[in-house]
Amino acid sequence: MTDTPRAREPRSATASASPAASPGKIRTTGGQQVRPKTEGWTQQKDAEGRPLLQFASPKRGKPPVHLADLTPAERIEKVKELGLPGFRAKQLATHYFRHYTSDPAEMTDLPAGTRDELVAGLLPPLLTEVRRLETDRGDTIKFLWRLHDGALVESVLMRYPGRITLCVSSQAGCGMNCPFCATGQAGLTRNMSTAEIIEQIVRANRLIAEGGLGGKKADDHSMERVSNIVFMGMGEPLANYKRVMDAVRSMVAPQPDGLGMSARGITVSTVGLVPAIKKLADENIPVTFALSLHAPDDQLRDELIPVNSRWKVDEALDAAREYYEKTGRRVSIEYALIKDMNDHAWRADLLAEKLNARGRGWVHVNPIPLNPTPGSIWTSSEIPVQNEFVRRLNDAGIPTTLRDTRGKEIDGACGQLVATTEDEAASAALA
């Protein structure tokens, strides 16, 4: 997970005697300084005692090859390998990418005698729904999926005025080991395949078309579909770079070769893998890029985001600015506001200084209140503090919008996605 922290088990807050330092000088304004630490779990460390970072996916059995893993040309070749004419590949793609179905009974334009074999060969099952939870009057739905090897992932579907957003997972677990994040507690299980990422969208679109997403009183939902994708579910998207980008290409490819989505409605988020950010800038696909920063100073961010030990705040911001220069797409800065940890007025000023030093008009800041747990060090900032943080950024000329949180009641908000013991038991019952 690359976005907002989840508060864990209650524990009394502790404060250090002096506020954090920014590079070059000591800041003395603001409240007490609470240091990041894990609550209710033990953070994995390397041999030198530093938080363990997992960039490579553990080796596990690969999921079956699926239509969405293949290019249009590869699909044709795969169909021919099954002894069928190549044009059947486009028919199959139409059913999957336009009608959102893998059910051979609905594919009446395919020969009855070979239909089941074709579907089994190119549309193998990838996600088994374990649980579905709803909140916000049915406007928000969280799905728990079991992958072919038993790994569990989640995605969250949200209806907003004028758009439908799906928060997708790109990895089972996460290797970035941030102390606040529920997803990263067990480390990285494995990367998800391109088709496993796409299947989350197809399954969501199917549910929407069947009228399963609340919030809109209409008899016919067949023309509705997911309009916005945020890679803010489980995993660090840029640590699974190739599969994520192949999935993005399938999302934006015109139907029936892909889902026919707008690249501008797709947000790729990262905690700051600088080489991958630079690579993304050269893709010539104008997705929205979001940097989960959460602190403008290295002293705090080293503790809050372990990957900051590899690439510092200024390096991540330079890469983000480079993304803007190459794509013309305004960058989003994600910033979880955590009480007495990163919400000090001086940190708002420092963030504004760093952003303005790289120019104007290239960035937008999205602060989001942390999901609160009483008594925990991981709790949301007080409302006056939130408002002051936002005011200082806006007054400095940085467009800043306090972001709404969806799905808190079902542990579906940012940073809350995690496979629990209860989830694992429910998955085992379906096996």
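Throughout this document, residue positions are counted from 1 along each chain, in the order its sequence is written. In keeping with the predicted nature of the model, local features appear solely for residues at pLDDT of at least 70, side-chain atom pairs appear and are counted solely at 80 or more, and the whole-chain, interface and lining totals rest on all residues. To get the side-chain values, take all heavy atoms of the structure and skip hydrogens and water.

The next thing to look at is the sheet that holds strand 11 (residues 228-231). What holds strands together in a sheet is hydrogen bonding between their backbones, with the strands either parallel or antiparallel. Strand pairing follows a simple DSSP-based rule, namely that at least 2 bridges must link the two strands. Secondary structure elements follow DSSP: runs of H or I of four or more residues count as helices, runs of E of two or more count as strands, with numbering from the N terminus. Judged by pairing direction, the sheet is mixed, and its nine strands sit side by side in the order 5-6-7-8-11-12-13-14-15 without closing on themselves. Single-partner strands in this sheet number two, and they are strand 5 (128-135) and strand 15 (363-369). Neighbouring strand axes in the sheet, compared pairwise and without regard to direction, differ in orientation by 20 degrees on average. Pairing of strand 7 (residues 152-160) with strand 8 (residues 163-167), which is carried by five bridges, proceeds in the antiparallel orientation. Each bridged residue has a counterpart across the sheet, and for Leu157 the counterpart in strand 8 is Leu166. It only takes one pair of heavy atoms within 4.5 Å for two residues to be counted as in contact. Lines fitted to C-alpha atoms define the axes, with helix axes restricted to the stretch in contact, and inter-axis angles between N-to-C directions lie between 0 and 180 degrees. Of the strands in this sheet, strand 5, strand 6 (140-146), strand 7, strand 8 and strand 11 touch helix 4 (residues 194-209), which is tilted by about 45 degrees from strand 7.

Bringing the packing of helix 9 (residues 345-356) against helix 10 (residues 383-395) into the picture now. Close contact between helix 9 and helix 10 brings their axes to 9 Å; oriented N to C, the two are set at 25 degrees. Accordingly, the angle class assigned to the pair helix 9 and helix 10 is roughly parallel. For the pair helix 9 and helix 10, the sense of crossing is right-handed. Every residue of helix 10 that contacts helix 9 at Ala345, Arg347, Ala348, Asp349, Leu351 and Ala352 is listed here: Phe389, Arg392 and Leu393. Of the residues in the contact of helix 9 with helix 10, the class split is six nonpolar, no polar and three charged. For classification, angles of less than 35 degrees are called roughly parallel, those exceeding 145 degrees roughly antiparallel, those between 65 and 115 degrees roughly perpendicular, and all remaining angles oblique. Helix crossings are classified by the rotation of the near helix relative to the far one: an anticlockwise turn of less than a right angle makes the crossing left-handed, while a clockwise turn makes it right-handed. Three categories are distinguished: nonpolar for Ala, Val, Leu, Ile, Met, Phe, Trp, Tyr, Cys and Pro, charged for Asp, Glu, Lys and Arg, and polar for the others, with Gly belonging to the last.

Turning to the side chain of Ser381, a few remarks are in order. Locating Ser381 in the fold gives a position in the loop between strand 15 and helix 10. Polar contacts, as counted here, are pairs of nitrogen or oxygen atoms within 3.5 Å of one another; within protein the pair requires one atom able to donate a hydrogen and one able to accept it, and residues that are adjacent in sequence qualify only if both atoms are side-chain atoms. Here Leu337 takes part through its backbone oxygen, which lies 3.5 Å from a polar atom of the side chain of Ser381. Ignoring anything within four residues of it in the chain, the contact list for Ser381 reads Leu337, Ile338, Lys339, Asp343 and Gln386.

Cysteine sulfur pairs qualify as disulfides if the two atoms are within 2.5 Å. Under the defined criterion, the tally for this structure stands at zero disulfides. Looking at Cys181, it has no disulfide partner, and the nearest cysteine sulfur is the one in Cys174, 6.3 Å off.

Turning our attention to the nonpolar core. Nonpolar core, defined: a set of buried Ala, Val, Leu, Ile, Met, Phe, Trp, Tyr and Cys residues in which side-chain atoms within 4.5 Å join the residues together. With a 1.4 Å probe rolled over the protein chains alone, any residue whose accessible area is under 20% of its type maximum counts as buried; one over 50% counts as exposed, and the rest are partly exposed. Formed by 109 residues in total, the largest nonpolar core has its most connected members in Leu157, Ile198, Val226, Ile229, Phe231 and Met251. If you look at the next biggest cluster of nonpolar residues, it comprises seven residues, including Met158, Tyr160, Val230 and Met232.

Okay, the packing of aromatic side chains next. What counts as a ring pair is set by centres within 6.5 Å for rings of Phe, Tyr and Trp (its six-membered ring), and what kind of pair is set by the plane angle: stacked under 30 degrees, edge-to-face over 60, tilted for all other angles. Scanning the model with the defined rule gives six aromatic pairs in all. Measuring from ring centre to ring centre gives 6.2 Å for Phe55 and Trp311, while their planes differ by 80 degrees; the resulting arrangement is edge-to-face. You can see Phe55 sitting in the loop between strand 4 (33-34) and helix 1 (72-81) and its partner Trp311 sitting in the loop between helix 7 (298-304) and helix 8 (313-327), a full 256 residues away along the chain. For the pair Tyr96 and Phe97, a centre-to-centre distance of 5.1 Å together with 75 degrees between the ring planes defines the contact as edge-to-face. Given a relative accessible area of 0%, Tyr96 falls into the buried group. Above the ring of Tyr160, the side-chain terminus of Arg163 is found at 4.2 Å from the ring centroid. Throughout this description, the term charge over a ring refers to an Arg CZ or Lys NZ atom that lies within 6 Å of the ring centre and within 35 degrees of the ring normal.

What pLDDT conveys is the predictor's confidence in a given residue, as a value from 0 to 100. In this model, the protein carries an average pLDDT of 88, and 86% of its residues clear a pLDDT of 70 or more. In this model, residues 1-29 is a region of pLDDT below 50 whose contacts with residues beyond four sequence positions or in other chains number 112 contacts. A low-confidence stretch, residues 412-418 (pLDDT under 50), is modelled with 43 contacts involving residues beyond four sequence positions or located in other chains.

For salt bridges, the criterion is a side-chain nitrogen of Lys or Arg within 4 Å of an Asp or Glu carboxyl oxygen. This model, assessed by the stated rule, comprises 29 salt bridges. Notably, a salt bridge pairs Glu48 with Arg50, separated by 2.9 Å at the nearest N-O pair. Note on Glu48: relative accessible area 62%, which makes it exposed. Among the residues examined, Arg50 registers a relative accessible area of 46% and is labelled partly exposed. Here Glu106 and Arg206 are joined by a salt bridge, their closest N and O atoms 2.6 Å apart. In this pair, Glu106 sits in the loop between helix 2 (88-97) and helix 3 (112-122) while Arg206 sits in helix 4, placing the two residues 100 residues apart along the sequence. Using a relative accessible area of 35% as the deciding quantity, one classes Glu106 as partly exposed. Taken together, the shared-partner salt bridges in this structure form one network comprising Asp349, Glu388, Arg391, Arg392 and Asp395.

Quick look at the pairing of strand 14 (residues 331-337) now. Burial of strand 14 is extensive: seven of the seven residues sit out of reach of the surface. Here strand 14 shows a buried face lined by Val331, Ile333, Tyr335 and Leu337 and a second buried face lined by Ser332, Glu334 and Ala336. Bridge analysis of strand 13 (residues 288-292) against strand 14 gives three bridges, and the strand direction is parallel. Pairing of Leu291 across the sheet is with Ile333, part of strand 14.

As a further point, take the packing of helix 4 against helix 5 (residues 241-252). When two helices pack together, you describe them by how their axes are tilted relative to each other and by the distance separating the axes. At a minimum axis distance of 8 Å, the contact between helix 4 and helix 5 shows a crossing angle of 45 degrees. Viewed along their axes, helix 4 and helix 5 adopt a mutual orientation that is oblique. As for the relative orientation of helix 4 and helix 5, their crossing is right-handed in sense. Taken together, the residues of helix 5 that come into contact with helix 4 (itself represented by Thr194, Ile197, Ile198 and Ile201) are Arg243, Val244, Asp246, Ala247, Ser250 and Met251. Its residues assigned to classes, the contact of helix 4 with helix 5 comprises six nonpolar, two polar and two charged.

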